[in-house]
Amino acid sequence: MLLIALPVFLLITTVIGGWMLGDFADSISANYATPLRDIFVGVLVAIGACLIVYRGKPVEDLALNVAGFYAMFVALVPYSLNEVLTGRTTLQGQELTDVEAAADELVKVLPVIVISLVVVAAVFIGVEWARGLLKRHTKSTSTAHRIMFFVTLGLGAGFLILLLLTGLIMGTYAGIHMAAAIFMIVGLATAIASHGWDPDAKKSTPKIVGQYRVIVGLMVVVGLALIWHLAGGLRFENAVAYIEWAAIILFTWYWVAETVRQESLIKTGAKG
């Protein structure tokens, strides 16, 4: 239920908040540089925590853990860090000098935030490993599942290297926000697809599983629309924001359907 309430809250506040401010942010991530920053960061961190805590079947669980981990970086590392650091992003109601001061403070604390996040995540994974909870990924009888696990580790290592080079050495964090956003969306899509093509789920709740397949298809369309926009195909204002709002709606639809499915399984005692 929280994974329904949180994205709806984010959607409502960014839409109505942007209207009240007189201008919508270019993207939902751009709200980092508006008075809606607290909503954007707080909701994404909360969603990330819920995704990590949620425990489903092995493939779903791994995919949601990955999505939750990267959601933290989407929330805490600005998409427009270069502009913020040089004082070129004017926050609503602030003078340039205030923006420069805020950017200077951000430079000082962001490495602390990022390092702390990585350390906590490493300890968390270490505890999971020590308790044997990761064995269901490494010892899985599904070759595809094992490959997914090791590919996830490889991509995670690559992300940490990118974080080290661009953040802690160069100080720009270039590409971190975008990479984290892509990995987060892929993780969510993988989790949904794991239900959409699950024989047990199809047998127990075929109508809802059909919805999952539609959601995955629409998420592919949303992803293609984003690629098209980045290639210069979509030229209307706030295109990324509309695309991201569509993704939030799809994400919410999935959790509504999954909540209904889980309640149905509890009532019938079926295996899902």
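About the thresholds
- Residues numbered from 1 in each chain as written.
- Predicted model: local features only at pLDDT ≥ 70, side-chain atom pairs only at ≥ 80, totals over all residues.
- Heavy atoms only, no water.
- Helix = DSSP H or I, 4+ residues; strand = E, 2+ residues; numbered from the N terminus.
- Buried < 20%, exposed > 50% of the residue type's maximum accessible area, 1.4 Å probe, protein only.
- Contact = heavy atoms within 4.5 Å.
- Areas by Shrake-Rupley, 256 points an atom, 1.4 Å probe, with all protein chains shown as cover.
- Axes fitted to C-alpha atoms, helices over the stretch in contact; angles between N-to-C directions.
- Parallel < 35°, antiparallel > 145°, perpendicular 65-115°, else oblique.
- Nonpolar A, V, L, I, M, F, W, Y, C, P; charged D, E, K, R; others polar.
- Patch = residues over 30% accessible without salt bridge, like charges linked within 9 Å, V, L, I, M, F, W, Y side chains within 5 Å.
- Salt bridge = Lys/Arg side-chain N within 4 Å of Asp/Glu carboxyl O.
- Expected span 1.5 Å × (residues − 1).
- Phe/Tyr/Trp six-rings, centres within 6.5 Å; stacked < 30°, edge-to-face > 60°.
- Core = buried A, V, L, I, M, F, W, Y, C linked by side-chain atoms within 4.5 Å.
- pLDDT = per-residue confidence, 0-100.
- Polar contact = N/O pair within 3.5 Å; in protein donor to acceptor, adjacent residues only side chain to side chain.

Peer 1: How do you make sense of the overall build of the protein when you look at a structure like this?
Peer 2: Along the backbone of the protein there are 11 helices and 0 strands. The buried share of the protein, taken over its 272 residues, is 41%. If you take every contact in the protein between residues at least 6 apart in sequence, the share linking residues at least 24 apart comes to 68%. Looking at the protein as shown, the accessible area adds up to about 14500 Å², and 70% of this sits on carbon and sulfur atoms.

Peer 1: Mind showing me how you'd approach the packing of helix 3 (residues 58–76) against helix 7 (residues 143–169) here?
Peer 2: The relative placement of two packed helices is expressed as an angle between their axes plus a distance between the axes. Two numbers describe how helix 3 lies on helix 7: the axes approach to 10 Å, and their chain directions differ by 10°. The angle between helix 3 and helix 7 falls in the class roughly parallel. Taking contact as the criterion, the partners of Pro58, Val59, Leu62, Ala63, Val66, Tyr70 and Phe73 in helix 3 are, on helix 7, His145, Met148, Phe149, Thr152, Leu155, Gly156, Phe159 and Leu163. By residue class, the composition of the contact of helix 3 with helix 7 is 12 nonpolar, 3 polar and no charged.

Peer 1: Is there a simple way to think about a nonpolar patch on the surface in this case?
Peer 2: Taken together, the side chains of Ile115, Val119, Val123, Val127, Ile161, Leu164, Leu165, Leu168, Ile169 and Met170 define a hydrophobic patch exposed on the protein surface, amounting to about 900 Å² of accessible area. Among the secondary structure elements, those contributing two or more residues to the nonpolar patch are helix 5 (96–130) and helix 7. Residue contributions to the nonpolar patch peak at 5 residues, all from helix 7. Mapped onto the secondary structure, Val127 falls in helix 5. The class for Val127 is partly exposed, based on a relative accessible area of 40%.

Peer 1: Looking at this model, I keep getting lost on helix 11 (residues 239–268). Mind explaining?
Peer 2: An α-helical turn contains 3.6 residues, so a residue and the one three or four places further along point in the same direction. Compared with an ideal rise of 1.5 Å per residue, which puts 30 residues at 44 Å, helix 11 spans 44 Å between its outermost C-alpha atoms and is within 8% of the ideal. In the stretch just after helix 11, Gly269 is the one whose phi turns positive, near 75°.

Peer 1: Could you clarify how one ought to interpret the packing of aromatic side chains in this entry?
Peer 2: Each aromatic ring pair is characterised by the separation of its centres together with the angle its planes make. On inspection of all chains with the given rule, the structure shows 12 aromatic pairs. Ring geometry for Tyr70 and Phe159: centres 5.0 Å apart, planes at 85°, overall edge-to-face. Of this pair, Tyr70 sits in helix 3 while Phe159 sits in helix 7, and the two are 89 residues apart along the sequence. The residues Tyr70 and Phe159 share a single accessibility class, namely buried. Between Tyr242 and Trp245 the ring centres are 5.4 Å apart and the planes differ by 70°, which places this aromatic pair in the edge-to-face class.

Peer 1: What exactly am I supposed to notice about the pattern of salt bridges here?
Peer 2: It is possible for side chains bearing opposite charge to pair when their charged atoms get close. Within this structure, the stated rule accounts for 3 salt bridges. Between Lys57 and Asp198 there is a salt bridge; the shortest N-O distance is 2.8 Å. On the criterion of sequence distance, the pair formed by Lys57 in the loop between helix 2 (37–53) and helix 3 and Asp198 in the loop between helix 8 (176–196) and helix 9 (199–204) is long-range, its members being 141 residues apart. By relative accessible area, which is 10% here, Asp198 ends up buried. One salt bridge connects Glu258 with Arg261, and the closest N-O pair in it is separated by 3.1 Å.

Peer 1: What should I look at first to understand the nonpolar core in this one?
Peer 2: Generally speaking, a soluble globular protein has its nonpolar side chains buried in company with each other. One finds Leu51, Phe73, Tyr212 and Trp255 to be the most contacted residues of the largest nonpolar core, which totals 60 residues. Elements supplying a minimum of two residues to this core: helix 1 (2–21), helix 2, helix 3, helix 5, helix 7, helix 8, helix 10 (206–230) and helix 11. Per element, the largest residue contribution to this core is 11 residues, and it comes from helix 3. Excluding anything up to four places from it in sequence, Phe73 contacts Val114, Leu117, Val118, Phe159, Leu163, His177 and Ala180.

Peer 1: How do you make sense of helix 3 when you look at a structure like this?
Peer 2: Here helix 3 is 19 residues long and its end C-alpha atoms lie 28 Å apart, about the 27 Å a rise of 1.5 Å per residue gives. With 14 of 19 residues buried, helix 3 lies mostly within the body of the structure.

Peer 1: Help me understand the confidence of the model for the protein in this model?
Peer 2: The predicted model of the protein has a mean per-residue pLDDT of 83, with 89% of residues at 70 or higher. By mean pLDDT, helix 4 (residues 81–85) is the weakest element of the protein at 60, and helix 2 is the strongest at 93. Contacts for the low-pLDDT stretch residues 91–96, under 50 throughout, to residues beyond four places or in other chains number 7 contacts.

Peer 1: What should I look at first to understand the side chain of Thr166 in this one?
Peer 2: With respect to the secondary-structure elements, Thr166 resides in helix 7. Classification of Thr166 as buried rests on a relative accessible area of 8%. In this structure the side chain of Thr166 is engaged in a polar contact, spanning 2.7 Å, whose partner is the backbone oxygen of Leu162.

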